[in-house]
Amino acid sequence: MSVVEARPQLARSRRRWPGLLVVLALVITTLAALAAAFGPMLLPNAQAQDLMTGLTGPGSEHWLGTDDLGRDVLQLLVVGARPAIVGAVLVALGSMLIGHLVGLPAGWRGGWIDLVAMRWADLMFSLPALLVAIVVTGILGGGFVLAIIVMVFLFSPGDTRVVRAAVFEQRRRPYVEAATLSNLSAPRIVLRHIWPNIAPVVVGNAFLNFAFALVALSSLSFLGMGVEPGSADWGRTLAENRTYLASNPWAATAPGLAIILTAASVSIVGDWIHQRLDERGQSR
Amino acid sequence: MREWGRFLLVRLAGTVVVVLILSIGIFSLVYLSPGSVEQTLLGNRPVTDATRAAVRAQYHLDDPLLTQYLRWFGDAIRGDLGTSIRTGGDVVSMVGNRLPLTLAVTLYGGLLAVLVGVPLGILAAVRRGRLLDRLVVAGSVAGLSAPPFALGLLLLMVFAVRLDWFPVYGSGEGFLDSLWHLTLPAVALGLAGAGLLVRFTRSSLVRELGQDYVTFARARGLSDRQVLGYAVRNSLVPVLTAAGLILTSTLVATVLVEVVFALPGLGSLLVDSVTFKDVPVVQAIALLLTVAIAAINILVDASYLIADPRLRTGGRA
Amino acid sequence: MRALLEVRGLGVTRSRDGETVTLLSDVDLAVGPGESVALVGESGSGKTLTARSILGLLPAGLTATGSIIVDGVTVDGDPAKTKPLRGERVALLMQDPFTLLNPLRRVGPQLADALPSAVRRNPAARSQEVERRLAEVGLDAKVAGQFPFQLSGGMRQRVGVAAALVRDPVLLIADEPTTALDVTTQREVLRLIRRVQADRGMGFILITHDLRVAFSMCERVLVLKDGRVVESGPTQEIRANPREEYTKRLLDAEPSLDKPLPPWPGAAVHDAAPALLRTVDLSKTFPGSASPALDSVSITVHEGEAVGVVGESGSGKTTLARCVVGLETPTAGSIEFAGKEFDSWASLSGADRRRLRGDVQMVFQDPYSSLNPMRSIGATLSEILHAFGKPSRRPDAEALLERVGLPTAYAQRRPAALSGGQRQRVAIARALAAQPRLLICDEAVSALDVSVQAQILELLRELRTDLGMALLFVTHDLAVVREITDRLYVMQGGRCVESGPTDRVLTMPEDAYTRQLLQAVPREDPSWLNRRRTPPG
């Protein structure tokens, strides 16, 4: 029974240009995505070994020097983007999909579906994804694919919770109740009415998941699990070159920086997209 | 009072169920390992009819699975987790030897995370929108997204190799020496937690500072310190929910950090055992971590109840 | 007598991206000891900004200009200069008792925080002082040990008054202090504030949207509109003789129990018409709740009739409406609607449900959340038309907009581009799309400014006459219900305590609770605050 005061118009007149940090993050994200998409095509010889020129420091020929097998570190970085990024994208998308399949009905219907889904999520949520992945991929000896499947299953409870909570919150809003009073089917209400309103949270969460998956997968390959030895994956390259910190420190630190920068950039881009989508609801 | 007692009991029962379910998964690792069970348990020893029979007898492999599980779980509760396949040593004492170091690094890192993360989060919230805030937020995103092994490596390169301020490897002798040795690993661990804490503290405090009760407190003449005290105290309640997340992620990060800094802790034991498919050791560590994480979550719930009287008395906001 | 507060030429501007917008200008205001002044205006009028400027508590990005002198100290809206005066000379009581107290701190310490440190450090003196403060606002000493969430809204606002006055300020500014409260509680809190003000001889500024409350509480009134003072003067003068057109309109728009109502054609007796809706002993108990929210309520709505359901929060009026429309499933009783009898909408067959669905529609309270923010108005309307098998092209949606008095161009816009009143019109248009025989309005005008409220009520009356639909009007406001309904049900604690023709119930109430409600409705005459409350029963 409160009088609705004039709500502040949420920064509509503020310039829409993203800040410097976001621009930087967008550039890095784009570069990483391009490298993942076209890297192996542009640099077919990145894996070529040349034991004569092993472990040289940065120079005009090799900007970041070479690793112990004489491979160019910069080329390895570009080529290594694909395994690192593709896996993380699959994890983020897969867990988002499961999150929707379970979270949408749980949040909309409530009742026993919700109860079962939430207990399942509680159970899985208490598991540290990376540890389980280490144990399972290590013991089962499965490769990259198994690691991704494990991650999808361990990430999905988080998405389920996010989707379910967002739907649950929207469900009680009058606009949804009004839609239920007008013969619209439940899938239509959930997908066409509720989803656009929860999209900011869900999409933002997917970006965050991507960053976490990137870190987790590269951690796995750092420990020598998931990817094949000698492959150009960032985590693997880092692990293989960390004993040579003295001769060419860049061989190990460059892939480390690549992981940090990509993960941080994607988080920042995710936050920004979240904000932009959120503002759409306030736009006229 | 009775209501929250019951809530905690229900929560405890739920946790016990979770631990039981997970223990089944952990037990079945022996069977999930590729190759026959006997081969897994024999490790590098030759598989002959005689050794196979010996293993089957030693591990009661001819009993029904349920009996095997119950025996394993019962032994585990009594502190017997079998012998290591790789070394032939007692698993419990192996784990026990490694535990103190891991606990030390984890607590050291966690402490750093709280001491850095919470104050920075408060600072960023109070100075919201200013340059300092943006720097802190950007830093927290980087800390949050940095894999601990990469961070550890960068720290090693800068502070141990280049600047030579800290030792490259080892855990040190005595308290001060250990502290010195464990500082870089703890920083590598703590940064991710600090990033999370900055994020949670900042957003929670920003929300509290916008509440009516803060304006009203200022309007009725409370000092800046009192007003900030109100908001900070109340903003820490949601931060508590993040505490469990931070502790578990710190535990996970410990594994990687121990490998990077070559620290003989539980984490490096786990990685070695996984690599050698030393299943009993892996089971022991997995069980220990499962219980630890479950205990942490229960503690977080309990502290949440203490921090928010609305939950304690079953009142509505 | 020296003025406690002198404001001259106060203005507030907001600058962002080099643009400067004026939000408030040329406000002059003076308050002496023991004097009370009301700032009256609708949302966006600048009344709250005026209060915030005096205390130096404007939101970031807003700047105050002009001269402000508080108790002889020139502060001019400078936060640094105002800070030592806050609580000490001038205090602010805020609108929402549910949010103005620190939720995690017991009442006692919360009050004590504002005491001088010498008193604060001495436990005996502290608890004695806290007890005295609580007694002043009519609260028991044991309240000191309770958390805010353990108190009712009225009690919280009493604590709010006590907290604002801990440092004994000479001037109290109350910003809509009772808007969030039920009518009966509102009266008690207003009486309390007036008593305390008189006892202490404080200067008092009341900020309100309600002219009736302003007239009854204050000696002088300033009427604000769009950041300017449109009229100011002694209460009697403005009440009897408003000079400005805007003040007159506000006075007209204000629903009242005393004003004669214009006769209107729809006000015929509908008892002869067939019953459209009948609930029989409808009950609803929410899971986990000990007492039923709705307890054996039977109501009838005839074809074309306008029926009011009135009650305070927790009376079950909204639950009743939601059960009728199918948003809640009743636990007992039955519903007869449009010739079909059923226990709940959930028990209906799919075909029946689809057939009946369009015959009853609902308009919700909050205009801000009742439209999907992501969809354009046109898309929302077309979709509903389509769902009911009606022609759903753009002209059809536009026709609906015209029906509720909105320009057709609004079809392209998203809800955020519309004001509260316009959104409520869209919500009505959406309900009309189904061509319902019964329209349920759940507090549909209570979130709106009075002038907008009057327009929406006018629209509803018009639609009812033109379309012949019945109206079930759920509200807490007896003055509003008088303007639109033929018959009335009064609810309390989940039960219906009285029913009958609106005129009769409002003029000759039979139930004690109805009488109590009626007394609590603000009147322009200050005597309504003084009259003794009839003991219940």
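Residues numbered from 1 in each chain as written. Chains lettered and ligands numbered in written order. Predicted model: local features only at pLDDT ≥ 70, side-chain atom pairs only at ≥ 80, totals over all residues. Heavy atoms only, no water.

Attention now moves to the overall build of chain B. Of regular secondary structure, chain B possesses 14 helices and 0 strands. Secondary structure elements of chain B occur, N-terminal to C-terminal, as α-α-α-α-α-α-α-α-α-α-α-α-α-α. If you line up chain B on its principal axes, its C-alpha atoms span 85 × 60 × 35 Å. Within the span of chain B, comprising 317 residues, buried residues form 49% of the whole. In chain B, the proportion of contacts linking residues at least 24 apart, taken out of those at least 6 apart, comes to 70%. Computing the positive centroid from 26 side-chain charges and the negative centroid from 20, chain B places the two 13 Å apart. (Helix = DSSP H or I, 4+ residues; strand = E, 2+ residues; numbered from the N terminus. Buried < 20%, exposed > 50% of the residue type's maximum accessible area, 1.4 Å probe, protein only. Contact = heavy atoms within 4.5 Å. Lys, Arg positive; Asp, Glu negative; His and termini not counted. Charge placed at Lys NZ, Arg CZ, Asp CG, Glu CD.)

Residue and element names in this part refer to chain C. By the definition in use, this model includes 43 salt bridges over all chains. Arg 158 is the salt-bridge partner of Glu 188, the closest N and O atoms lying 3.9 Å from each other. Note that Glu 188 is positioned in helix 7 (residues 183-200) and Arg 158 in helix 6 (residues 153-164), a separation of 30 residues in sequence. Take Glu 188: its relative accessible area is 29%, and that puts it in the partly exposed class. Taking relative accessible area as the criterion, Arg 158 reaches 15% and is therefore assigned buried. Of the charged contacts in the structure, one is a salt bridge between Glu 443 and Lys 317, with a shortest N-O distance of 3.6 Å. Here Glu 443, found in the loop between strand 18 (438-442) and helix 16 (450-467), pairs with Lys 317, found in helix 11 (residues 317-325); they are 126 residues apart in sequence, far enough to count as distant. (Salt bridge = Lys/Arg side-chain N within 4 Å of Asp/Glu carboxyl O.)

Let's shift gears to the domain arrangement of chain C. Residue and element names in this part refer to chain C. When the domains of chain C are assigned, the result is domain 1 (5-253) and domain 2 (275-369 + 437-530). Taken together, the contacts link 21 residues of domain 1 with 21 residues of domain 2. Where domain 1 abuts domain 2, roughly 2,100 Å² becomes buried across the two surfaces, and 53% of that area is made up of carbon and sulfur atoms. It is Val 183, Arg 187 and Arg 212 in domain 1 that bury the most area against domain 2; as a group they hold 31% of the surface buried on that side. Linking domain 1 to domain 2 there are 0 salt bridges. (Domains from an automatic or database assignment. Buried area = accessible area lost by both parts, 1.4 Å probe.)

Here the focus is the sheet that holds strand 5 (residues 73-74) of chain C. The pairing of strands in a sheet happens through backbone hydrogen bonds and is either parallel or antiparallel. All names here are of chain C. Spatially, 2-1-4-5 is the arrangement adopted by the 4 strands of the open sheet, whose pairing is antiparallel. The open sheet terminates on both sides in strands that have one partner only, identified here as strand 2 (19-31) and strand 5. By the bridge criterion, 2 bridges tie strand 4 (residues 62-70) to strand 5 in an arrangement that is antiparallel. Bridging from a neighbouring strand, Val 70 pairs with Val 73 of strand 5. Sitting on the sheet, helix 1 (residues 47-55) touches strand 1 (5-16), strand 2 and strand 4, and the angle it makes with strand 1 is about 105°. (Pairing = 2+ DSSP bridges. Axes fitted to C-alpha atoms, helices over the stretch in contact; angles between N-to-C directions.)

What follows is about the nonpolar core. In this structure, Ile 134, Met 151, Leu 220 and Phe 222 of chain A are the most contacted members of the largest nonpolar core, which totals 114 residues. Two domains share this core, each providing at least three of its residues, namely domain 1 (2-77) and domain 2 (100-309) of chain B. If you look at the next biggest cluster of nonpolar residues, it comprises 105 residues, including Leu 85, Ala 114, Val 143 and Val 221 of chain C. (Core = buried A, V, L, I, M, F, W, Y, C linked by side-chain atoms within 4.5 Å.)

Here we come to the interface of chain C and chain B. Between chain C and chain B, the contact holds 32 residues from the first and 23 residues from the second. Summing the contributions of chain C and of chain B, the shared interface buries around 2,300 Å²; its carbon and sulfur component is 59%. When the buried area of chain C at its contact with chain B is split by residue, Met 94, Leu 104 and Phe 149 of chain C rank highest and sum to 29% of it. Counting across the interface, chain C meets chain B through 1 salt bridge. One salt bridge in this structure joins Asp 224 of chain B and Lys 83 of chain C, with 2.6 Å as the shortest N-O distance. Seen at the junction of chain C and chain B, the total is 9 residue pairs in polar contact (both at pLDDT 80 or more). Going through the elements one at a time, helix 1, strand 6 (90-93), helix 3 (107-112) and helix 6 of chain C are the ones with two or more residues in the side of chain C that touches chain B. Ranked by the residues each element gives to the side of chain C that touches chain B, the list is headed by strand 6 of chain C, at 4 residues. (Polar contact = N/O pair within 3.5 Å; in protein donor to acceptor, adjacent residues only side chain to side chain.)

Moving on, we get to the packing of aromatic side chains. The relation between two aromatic rings is expressed through the spacing of the ring centres and the mutual angle of the planes. Across all of its chains, the model carries 8 aromatic pairs over all chains by this definition. Between Tyr 69 of chain B and Phe 73 of chain B the ring centres are 5.8 Å apart and the planes differ by 20°, which places this aromatic pair in the stacked class. Of the two residues, Tyr 69 of chain B and Phe 73 of chain B are both situated in helix 5 (residues 65-77); the distance of 4 residues between them amounts to about one turn of the helix. A relative accessible area of 17% means that Phe 73 of chain B is categorised as buried. Between Phe 342 of chain C and Trp 345 of chain C, the aromatic rings sit 5.6 Å apart at their centres with planes inclined by 70°, giving edge-to-face as the arrangement. Pairwise contacts between aromatic rings join Phe 27, Tyr 69, Trp 72 and Phe 73 of chain B into one cluster. Taking the ring centre of Tyr 246 of chain C as reference, the NZ or CZ of Lys 225 of chain C above it sits at 5.4 Å. (Phe/Tyr/Trp six-rings, centres within 6.5 Å; stacked < 30°, edge-to-face > 60°. Lys NZ or Arg CZ within 6 Å of the ring centre and 35° of its normal.)

Inspection of the secondary structure puts Asp 71 of chain C in the loop between strand 4 and strand 5. Note on Asp 71 of chain C: relative accessible area 13%, which makes it buried.

On to the layout of surface pockets. Considered as a void within the structure, the second largest pocket measures approximately 1,100 Å³ in volume. What lines the second largest pocket is a set of 30 residues, and nearest its centre among them are Trp 108, Arg 171 and Thr 180 of chain A together with Gly 326 and Leu 327 of chain C. When residues of the lining of the second largest pocket are assigned to their parent elements, the largest contribution, 4 residues, is made by helix 12 (residues 350-357) of chain C. Each residue belonging to the lining of the second largest pocket can be placed in one class, and the counts come to 12 nonpolar, 9 polar and 9 charged. (1 Å grid on protein atoms, 1.4 Å probe; cavity = no way out; pocket = protein on both sides within 12 Å on 5 of 7 lines; lining within 4 Å. Points joined across faces, edges and corners; volume = space filled by probe spheres on them. Nonpolar A, V, L, I, M, F, W, Y, C, P; charged D, E, K, R; others polar.)

The relative placement of two packed helices comes down to the angle between their axes together with the axis-to-axis distance. All names here are of chain A. Put simply, helix 7 (residues 186-222) and helix 8 (residues 234-241) touch, their axes get as near as 7 Å, and they point 40° apart. Of the possible angle classes, the one that applies to helix 7 and helix 8 is oblique. When you trace helix 7 past helix 8, the crossing you get is right-handed. Judged by residue contacts, Ser 218, Ser 221 and Phe 222 of helix 7 engage Gly 235, Arg 236, Leu 238 and Ala 239 from helix 8. In terms of residue class, the contact of helix 7 with helix 8 is built from 3 nonpolar, 3 polar and 1 charged. (Parallel < 35°, antiparallel > 145°, perpendicular 65-115°, else oblique. Left-handed = near helix turned anticlockwise from the far one by under 90°.)

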